[in-house]
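Fold and contact review
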Amino acid sequence: MATQTATFSVRTVPASNGLLLPAFTLWWRECVRFYRQRSRVVGVIASPLVFWLVIGSGFGTSFRSGDASGQQHYLDYFYPGALIMIVLFTSIFTMMSVIEDRKEGFLLSVLVAPVPRSAIVLGKVLGGTTLSAVQGLIFLAFAPFVGVHMNIVQFLLVVLTVFLVSFALTALGFAIAWPMDSNQAFHAIINLFLIPLWLLSGALFPLSGASKWIRVLVLANPLTYGVEALRQLLFPGSPGIASLSASLATLLLFSLFMFGVAFLMANRRTTKPIA
């Protein structure tokens, strides 16, 4: 009886394809799903716009920052904070899709697929980053109304700042949403981070007139440096607590740290069912 030996050739797939293709697919899915829900798009942009106009006009000329020659109307001062608000809300709440994917069973199918967890984290985080950054940059259309006129270098630095803030906050939202099993629990936890994180970023009031313990919290808040970077880029010469390069370096470190936390959360072993 003759014995035949069959030789099979195994086609190796580059490691980059195993990471980039799944990440791109998840990124594209996040973008398509969000923009199919037009009410969310309108709500995310309209709410901070109304907030900016109402609060800015309410304080009006009763608020002043800087010395006599550099005083600002509150609409001007509050503009970078309103932009950050759009990025914050979109970044955090976009990651509710993690909980929805778990309920629908999509997350389970992705987890059992032969793709690394890093691709899942990267795809979801980049998807949320793209959505929040684009909507934040759309808000720049109102910049001329507060006397902002940027050159190409300033605009590119604003894009970089908005991207870093979006990436860091989306990774934070992913890390919080990953172990959650309900939207109600997600909202409860987010409220502990969302409002204080934004209020203590210098978006609403200058640091110079704040109490000492508030100053410590504001300086320890990474989001502060996103607001500071935008304020220095949009209103050159305005007083700040850090240089532009220091603010961008802080945002970069914050982004890398939060992505690392999101990656660790996704790779953590648990006995809790995925779906």
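One structure accompanies this document, and this report is about it. A quick note: this is a predicted structure, and the numbers were derived from the prediction, not measured.

**Section: the packing of aromatic side chains**
Enumeration over the complete set of coordinates arrives at 11 aromatic pairs. On the numbers, 5.5 Å between centres and 35° between planes, the contact of Phe 24 with Trp 27 is tilted. Taken together, the residues Phe 24 and Trp 27, both in helix H1 (residues 15–35) and three residues apart, mark about one turn of the helix. Note on Phe 24: relative accessible area 48%, which makes it partly exposed. The class for Trp 27 is partly exposed, based on a relative accessible area of 23%. On the numbers, 6.4 Å between centres and 40° between planes, the contact of Phe 142 with Phe 145 is tilted. Take Phe 145: its relative accessible area is 68%, and that puts it in the exposed class. Three or more aromatic residues link up through ring pairs in this structure, and these residues are Tyr 79, Phe 139, Phe 142 and Phe 145. If you follow Arg 102 out to its NZ or CZ, it ends over the ring of Trp 178, 5.8 Å from the centre.

**A short note on the side chain of Thr 90**
Relative to the assigned elements, Thr 90 resides in helix H3 (residues 74–94). Using a relative accessible area of 2% as the deciding quantity, one classes Thr 90 as buried. Here the side chain of Thr 90 touches Ile 86 through a polar contact of 2.8 Å, landing on its backbone oxygen.

**Some words on the environment of Leu 233**
Topologically, Leu 233 is positioned in helix H10 (residues 222–234). Considering only alpha carbons, one finds Leu 233 and Met 150, 83 residues apart in sequence, at a separation of 8.2 Å.

**Some details on the packing of helix H7 (residues 152–177) against helix H8 (residues 183–199)**
In a pair of packed helices, the angle between the axes and the distance between the axes together describe the arrangement. Their axes nearest at 10 Å, the elements H7 and H8 cross at an angle of 150°. With respect to their mutual orientation, H7 and H8 come out roughly antiparallel. H8 is crossed by H7, and the crossing has right-handed handedness. Contacts from Leu 169, Leu 172, Gly 173, Ile 176 and Ala 177 of H7 reach H8 at Phe 186, Ile 189, Ile 190, Phe 193 and Leu 197. When its residues are assigned to classes, the contact of H7 with H8 shows nine nonpolar, one polar and no charged.

**Topic: the nonpolar core**
With 65 residues, the main nonpolar core has Trp 52, Tyr 79, Phe 139, Leu 169, Phe 174, Phe 186 and Trp 198 as its most contacted residues. For this core, the leading source of residues is H3, giving 14 residues.

**Re H10**
The first and last C-alpha atoms of H10 sit 19 Å apart over 13 residues, in line with the 18 Å expected at 1.5 Å per residue. When you tally the buried positions in H10, you get 12 out of 13 residues, the bulk of the element. For H10, every residue scored as buried is listed here: Leu 223, Thr 224, Tyr 225, Gly 226, Val 227, Glu 228, Ala 229, Leu 230, Arg 231, Gln 232, Leu 233 and Leu 234. Where H10 is buried, its residues touch H3, H7, H8, helix H9 (212–220) and helix H11 (244–267). The backbone nitrogen of Leu 223 has a side-chain oxygen 3.1 Å away, supplied by the residue at the start of H10, namely Asn 221.

**Looking at the packing of H7 against H10**
Running from N to C, H7 and H10 point in directions that differ by 165°, and their axes come no closer than 10 Å. Our classification of the angle between H7 and H10 gives roughly antiparallel. Helix-helix and strand crossings are classified by hand; for H7 and H10 the assignment is left-handed. Along the contact surface, H7 presents Gln 154, Leu 157, Val 158, Thr 161, Val 162, Val 165 and Leu 169, while H10 presents Leu 223, Gly 226, Ala 229, Leu 230, Leu 233 and Leu 234. By residue class, the composition of the contact of H7 with H10 is 10 nonpolar, three polar and no charged.

**Considering the pattern of salt bridges**
Summed over the entire model, instances satisfying the criterion amount to four salt bridges. Among the salt bridges present, the one from Asp 101 reaches Arg 29, with a minimum N-O distance of 3.2 Å. Residue Asp 101 is found in helix H4 (residues 96–104), and its partner Arg 29 is found in helix H1; the two are separated by 72 residues along the sequence. On the basis of relative accessibility, which here comes to 23%, the residue Arg 29 falls in the partly exposed class. The closest approach of N and O atoms between Lys 124 and Glu 30, which form a salt bridge, is 2.5 Å. Of the two residues, Lys 124 is situated in helix H6 (residues 117–138) and Glu 30 in helix H1; the sequence distance between them amounts to 94 residues. Glu 30 matches Lys 124 in its accessibility class, with the two residues each being buried. Three or more residues are tied together by salt bridges with common partners; here these are Arg 29, Glu 30, Asp 101 and Lys 124.

About the thresholds
Think of each chain on its own: its residues are numbered from 1, step by step along the sequence as written. It should be noted that, the model being predicted, local features are given only for residues of pLDDT at least 70 and side-chain atom pairs only at 80 or more, the latter also being counted only at that level, while totals for whole chains, interfaces and linings use all residues. Calculated side-chain values reflect all of the structure's heavy atoms, with hydrogen atoms and water omitted. Note on aromatic contacts: the rings of Phe and Tyr and the six-membered ring of Trp form a pair at centre separations within 6.5 Å, being stacked when their planes are under 30 degrees apart, edge-to-face when over 60 apart, and tilted otherwise. Each helix is a run of H or I in the DSSP string that is no shorter than four residues. Each strand is a run of E no shorter than two, and both are numbered from the N terminus. Type-normalised accessible area, obtained with a 1.4 Å probe on protein chains alone, sets the label of each residue: buried when under 20%, exposed when over 50%, and partly exposed for intermediate values. For a ring to carry a charge above it, either NZ of a lysine or CZ of an arginine must fall within 6 Å of the ring centroid while also lying within 35 degrees of the normal to the ring plane. Polar contact is defined as a pair of N or O atoms within 3.5 Å, subject to the rule that within protein one atom must be able to donate a hydrogen and the other to accept it, and that residues adjacent in sequence are counted only when both atoms are side-chain atoms. Helix axes are fitted to C-alpha atoms over the stretch in contact, other axes to C-alpha atoms as well, and angles between N-to-C directions run from 0 to 180 degrees. Just so you know how the angles are binned, under 35 degrees is roughly parallel, over 145 roughly antiparallel, 65 to 115 roughly perpendicular, and the rest oblique. Handedness of a crossing follows from how the near helix is turned relative to the far one, being left-handed for an anticlockwise turn of less than a right angle and right-handed for a clockwise one. By the convention used here, residues are in contact when the closest approach between their heavy atoms is within 4.5 Å. Residues were grouped as follows: Ala, Val, Leu, Ile, Met, Phe, Trp, Tyr, Cys and Pro as nonpolar; Asp, Glu, Lys and Arg as charged; and all remaining residues, including Gly, as polar. As used here, the term nonpolar core means buried Ala, Val, Leu, Ile, Met, Phe, Trp, Tyr and Cys residues forming a set that is joined through side-chain atoms within 4.5 Å. Given the number of residues in a helix, its expected span is that number minus one, multiplied by 1.5 Å. By salt bridge we mean one thing: a side-chain nitrogen of Lys or Arg within 4 Å of a carboxyl oxygen of Asp or Glu.

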